[in-house]
Amino acid sequence: MSTASAAPQITGATAAEWRPSVNPWMVAISVMMSTFMVVLDSSIANVALPHIAGNLSASTDESTWVLTSYLVSNAIMLPASGWIARRIGRKRLLMLSILSFTGASMLCGLSIGMPMLIVARILQGFGGGGMQPLAQSILLESFPPDQHGKAMALYGIGIVVAPVIGPTLGGWITDSYSWRWIFYINLPVGLLALLLSNIYIEDPPYLRHVGRIAIDYLGFGLLAIWLGAMQLVLDKGQEADWFEATWIRWLTAASAIALVSFVARELITRHPIVQLHVLLNRNFFVGTIITGIYGVVLYGVTAVMPLFLQTVLGYSALSSGVAVSPRGLGSLISMIAVGAVANRVDNRILLCIGLLIFGYSCFVLGHVNLGISMGSVALPNFINGFGGGFVFVPLTTMAMGLLRKQEIGNAAGIYNLMRNIGGSVGISVLTAFLVRGSQTHQNYLAAHVTAGSAASMTAIQDLASRYSMGGADAATAHQLALGAIYRNMQQQATVLAYADNFRLLGYLALVCIPLALFLVPPQRGAQRHVEMGE
């Protein structure tokens, strides 16, 4: 089994005592600028898909590859970033990732056809996948342990707030200018992030003295097959009716075989791409499970709510973005508050409070109906974001708090990958539940619209009378009345399916609370290690 010995041999004291030679807050600004750009871009493109499809003469199905191509390459890069950083240096990888993402953004804006845009999005995904775990590991190593809460609060602002304002900003840019500008706006931000990273980011000692590490081509290939096939299944499964499609079954089998083979390969090779031994740390193992479930809940709410507002209530992209934007404000407030008290309050208490608030907001959203106002949407979204801040900061701090510094880069890749996989699984499953739930509720509702139902007959007769007053003959008025009743029944069935999804997300948030009790606060865990002489 591969162990920590595969990592460079730097004394524990050297790794523990190292601090950047510059102000850590300048380091934080440097890495967060690039991370915010990446996370914002991943959500901002969603609302522009219809415009992209029309401008490049592509179908709606073809345009979804703009998202799928990015997600596949991003997923492959996330767990591999730690290994690449050990091989070429973290600062160099970060700058290459920023350069790749920024250059690919320019190519996206200049695209003259769908194939060129998809290739550019693949390059964007590789660049973005490298930046997220690097930013997290750089922040945790640049700040002393007693300030990890503040560091993760800053990181969380980029990770949690950016997806909230992304659809609003994307809708405004697309409506006011052109879809190409959602990519062009990355250029000045990316160049500034590149400059700041060159000035303020530096490699710690254990990455400066790394010799040449053998390239595990087989491991990387298995990693790419596993994550690439899985992401394709999750992203395209609903469109293809899941396992009714032969190619979905083949890709699922390929992904499962590649996963098992990849794990076996990483356990026996001397230089693994992903050092799985970090999962032996209890806090990191439990934290990874919780962040996977939390990814389902977080990305599920973020994806389902705008869909409900636009498809059911008829909101425009901009209006739906405005309705959910209070979530970003709630996250911002709570992360600042949690960052200030994280070092003085048991992080498990903060985490459980956050999960309770998050679950409560989902149950409130479970009461949506066709007459709901924008204010009634905005308030639970604010509560939802407020709870998210209490989850993200203490969870990340506890999950990473007991790892050695030279393990954090590798662990951050796994941690971010699990959150993204949770998000992909959540969106796919919720979409499937939405379709099937609508059909189920429609069957139940239709059973009550019969000739023997006095209420149904009265409603049909009232509608038919209105159509007759409008000039329709008796037969036509009756058919129009039946059509109106059927459309209303479809709408109600869809609303009930959305409500079911929101309640399901609430239950998932509550499920995480017992798991949180298995975590050890970083301060207590560090003291235990000291007493044991570790």
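Everything quoted here is computed from the prediction, not taken from an experiment.

Remarks on the nonpolar core
Then comes step 1: Counting residues in hydrophobic clusters, the biggest one holds 107 residues, and the most contacted among them are Leu139, Trp226, Leu227 and Phe308.
Then comes step 2: Setting aside residues up to four positions removed in sequence, Phe308 forms contacts with Leu313, Val368, Asn369, Ile372, Val495 and Tyr498.

A short note on the packing of helix 14 (residues 282-311) against helix 21 (residues 474-516)
Then comes step 1: Close contact between helix 14 and helix 21 brings their axes to 10 Å; oriented N to C, the two are set at 160 degrees. With respect to helix 21, the axis of helix 14 lies roughly antiparallel. Read as a crossing pair, helix 14 and helix 21 show a hand that is left-handed.
Then comes step 2: Here the residues of the contact of helix 14 with helix 21 sort into 20 nonpolar, 2 polar and no charged.

Examining helix 16 (residues 326-341)
Then comes step 1: Between its terminal C-alpha atoms helix 16 stretches 23 Å, which fits the 22 Å expected from 16 residues at 1.5 Å a residue.
Then comes step 2: All of the buried residues along helix 16 are Pro326, Arg327, Gly328, Gly330, Ser331, Ser334, Met335, Val338 and Gly339.

Things to note about helix 12 (residues 217-236)
Then comes step 1: Counted at 1.5 Å a residue, the expected span for helix 12 with its 20 residues is 28 Å, and the 28 Å between its end C-alpha atoms agrees.
Then comes step 2: Turning to helix 12, its buried residues number three or more, namely Gly219, Leu222, Leu223, Trp226, Leu227, Gly228, Ala229, Met230, Gln231, Val233, Leu234 and Lys236.

Some details on the pattern of salt bridges
Then comes step 1: In this structure the tally under the stated criterion is 6 salt bridges.
Then comes step 2: We note a salt bridge from Arg348 to Asp346, for which the minimum N-O separation is 3.0 Å.
Then comes step 3: Given the relative accessible area of 22%, Asp346 is considered partly exposed.

Observations regarding the confidence of the model for the protein
When pLDDT is low, close inspection of the predicted coordinates is not appropriate.
Then comes step 1: In the predicted model, the protein carries a mean pLDDT of 83, and 92% of its residues have values of at least 70.
Then comes step 2: Confidence drops under a pLDDT of 50 for residues 525-534, and excluding neighbours within four residues, the segment shows 6 contacts in the predicted structure.

Looking at the packing of helix 5 (residues 65-88) against helix 6 (residues 90-110)
Then comes step 1: Where helix 5 contacts helix 6, the axes come no closer than 8 Å and their chain directions differ by 155 degrees. What the angle tells us is that helix 5 and helix 6 run roughly antiparallel. The handedness of the crossing between helix 5 and helix 6 is right-handed. Packed against helix 5, whose contacting residues are Tyr70, Met77, Ser81, Ile84, Ala85 and Ile88, the element helix 6 presents Arg90, Arg92, Leu93, Leu96 and Phe101 at the interface.

Some thoughts on the environment of Thr35
Then comes step 1: Mapped onto the fold, Thr35 is located in helix 2 (residues 24-44).
Then comes step 2: Between the C-alpha atom of Thr35 and that of Cys362, which follows or precedes it by 327 residues, the distance is 27 Å.
Then comes step 3: Not counting the four nearest positions on each side in its chain, Thr35 is found in contact with Met131, Ala135, Tyr155 and Ile159.
Then comes step 4: Within the structure, the side chain of Thr35 is placed 2.9 Å from the backbone oxygen of Val31, a separation counted as a polar contact.

Remarks on the packing of aromatic side chains
Then comes step 1: Applying the stated criterion to the full structure yields 10 aromatic pairs.
Then comes step 2: Taken together, a centroid distance of 5.3 Å and an interplanar angle of 80 degrees make the contact between Trp181 and Tyr184 edge-to-face. Of this pair, Trp181 and Tyr184 both sit in helix 9 (residues 181-184), separated by 3 residues, roughly a single helical turn.
Then comes step 3: A centroid spacing of 5.6 Å and a plane angle of 70 degrees characterise the contact between Tyr294 and Phe358, whose relative ring orientation is edge-to-face. Note that Tyr294 is positioned in helix 14 and Phe358 in helix 17 (residues 347-365), a separation of 64 residues in sequence. Phe358 shares its class with Tyr294; the two are buried.

Thresholds applied
- Residues numbered from 1 in each chain as written.
- Predicted model: local features only at pLDDT ≥ 70, side-chain atom pairs only at ≥ 80, totals over all residues.
- Heavy atoms only, no water.
- Core = buried A, V, L, I, M, F, W, Y, C linked by side-chain atoms within 4.5 Å.
- Buried < 20%, exposed > 50% of the residue type's maximum accessible area, 1.4 Å probe, protein only.
- Contact = heavy atoms within 4.5 Å.
- Axes fitted to C-alpha atoms, helices over the stretch in contact; angles between N-to-C directions.
- Helix = DSSP H or I, 4+ residues; strand = E, 2+ residues; numbered from the N terminus.
- Parallel < 35°, antiparallel > 145°, perpendicular 65-115°, else oblique.
- Left-handed = near helix turned anticlockwise from the far one by under 90°.
- Nonpolar A, V, L, I, M, F, W, Y, C, P; charged D, E, K, R; others polar.
- Expected span 1.5 Å × (residues − 1).
- Salt bridge = Lys/Arg side-chain N within 4 Å of Asp/Glu carboxyl O.
- pLDDT = per-residue confidence, 0-100.
- Polar contact = N/O pair within 3.5 Å; in protein donor to acceptor, adjacent residues only side chain to side chain.
- Phe/Tyr/Trp six-rings, centres within 6.5 Å; stacked < 30°, edge-to-face > 60°.

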